[in-house]
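Listed below are the residues making up each chain.
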Amino acid sequence: MPYEVVIIAPTAGNATAQREVAETFNPPFVMTSPPDEGSLTFSELDDTPVLTLLRPKRAEVGGDIARVLEVDDAVLARTDFYTEGFIPWNSAERGLALAYALAYLTDGVALVKGLPAW
C-alpha cells in the first residue's frame with residue numbers, strides 16, 4: 001500500500017525546477033511525464049518508481065484543504081496550490097526525502113498519510 005502525500009504551497013511546482021532538484025540526489029532520480037496521464041513520476045535509474053505527483057490544483061482556502069487535512073491555520077493562510085501524489089511502500093525513505101525537498105522548493109509543506117509509528 002503506498003503512502004499518500006500532499007504538497008501544499010503558495011505556488012505551483014515548476015517541472016523544470018523539480019527535475020533539477022531530483023537530479024541533485026545521489027544517485028539522481030529520473031523524472032518522466034507521460035503526455036496522457038497528467039502526472040510526474042520520479043524513478044531510480046533502474047526505473048523503480050519513487051514518487052508520483054499529479055498536476056497541482058488551485059486550492060480554495062477553507063475548502064479543499066481544510067476539509068481533508070488537519071493543518072495549522074498559518075499554513076493554510078499562505079496556501080494557494082496543492083499537489084497530490086503517492087510513494088510506493090518499498091521506496092519510502094528516498095520518496096519521502098524527495099517529497100520534502102520538492103515541498104521546500106515551493107516554500108510549501110509536505111503532508112504524508114500512512115506513515116507507521118516508529
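First, a word on scope: everything that follows refers to the structure included in this document. (Residues numbered from 1 in each chain as written. Predicted model: local features only at pLDDT ≥ 70, side-chain atom pairs only at ≥ 80, totals over all residues. Heavy atoms only, no water.)

Notes on the nonpolar core
Of all hydrophobic cores here, the largest spans 21 residues; its most connected members are F29, F42, L51, L98 and L102. Among the secondary structure elements, those contributing two or more residues to this core are β1 (3-9), α1 (15-23), β3 (39-43), β4 (49-54) and α4 (92-105). Element by element, the count of residues in this core is highest for α4, at six residues. (Core = buried A, V, L, I, M, F, W, Y, C linked by side-chain atoms within 4.5 Å. Buried < 20%, exposed > 50% of the residue type's maximum accessible area, 1.4 Å probe, protein only. Helix = DSSP H or I, 4+ residues; strand = E, 2+ residues; numbered from the N terminus.)

Digging into the environment of E23
Tracing the chain through its elements places E23 in helix α1. In this structure E23 comes out as partly exposed when scored by relative accessible area, which is 47%. Once you skip the residues sitting within four places of it in the chain, E23 turns out to touch P28 and F29. (Contact = heavy atoms within 4.5 Å.)

Considering the pairing of strand β6 (residues 81-87)
Note on strand geometry: in a regular strand, side chains alternate between the two faces of the sheet. Across the seven residues that make up β6, a large majority, five, are buried. Relative to β6, β1 runs antiparallel, the two being bridged by seven bridges. Looking at the pairing, V6 lines up with E84 of β6. Bridging between β4 and β6 involves two bridges; their strand directions are antiparallel. Paired with L53 across the bridge in β6 is G85. Two elements, strand β5 (residues 57-58) and β6, share two bridges in a ladder whose sense is antiparallel. Directly across from R58, in β6, lies its bridge partner F81. (Pairing = 2+ DSSP bridges.)

Some thoughts on α4
For α4, built from 14 residues, the straight-helix expectation of 20 Å at 1.5 Å per residue is met to within 8% by its first-to-last C-alpha distance of 20 Å. All buried positions along α4 are accounted for by A92, G95, L96, L98, A99, L102 and A103. Seen from one end, α4 has its buried residues packed into an arc of 165°, which puts them on one side. Opposite the buried face of α4, by more than 90 degrees, sit the exposed residues E93 and Y104. Packing partners of the buried residues in α4 comprise β1, α1, β3, β4, β6 and β7 (109-113). (Expected span 1.5 Å × (residues − 1). Arc of directions from axis to C-beta.)

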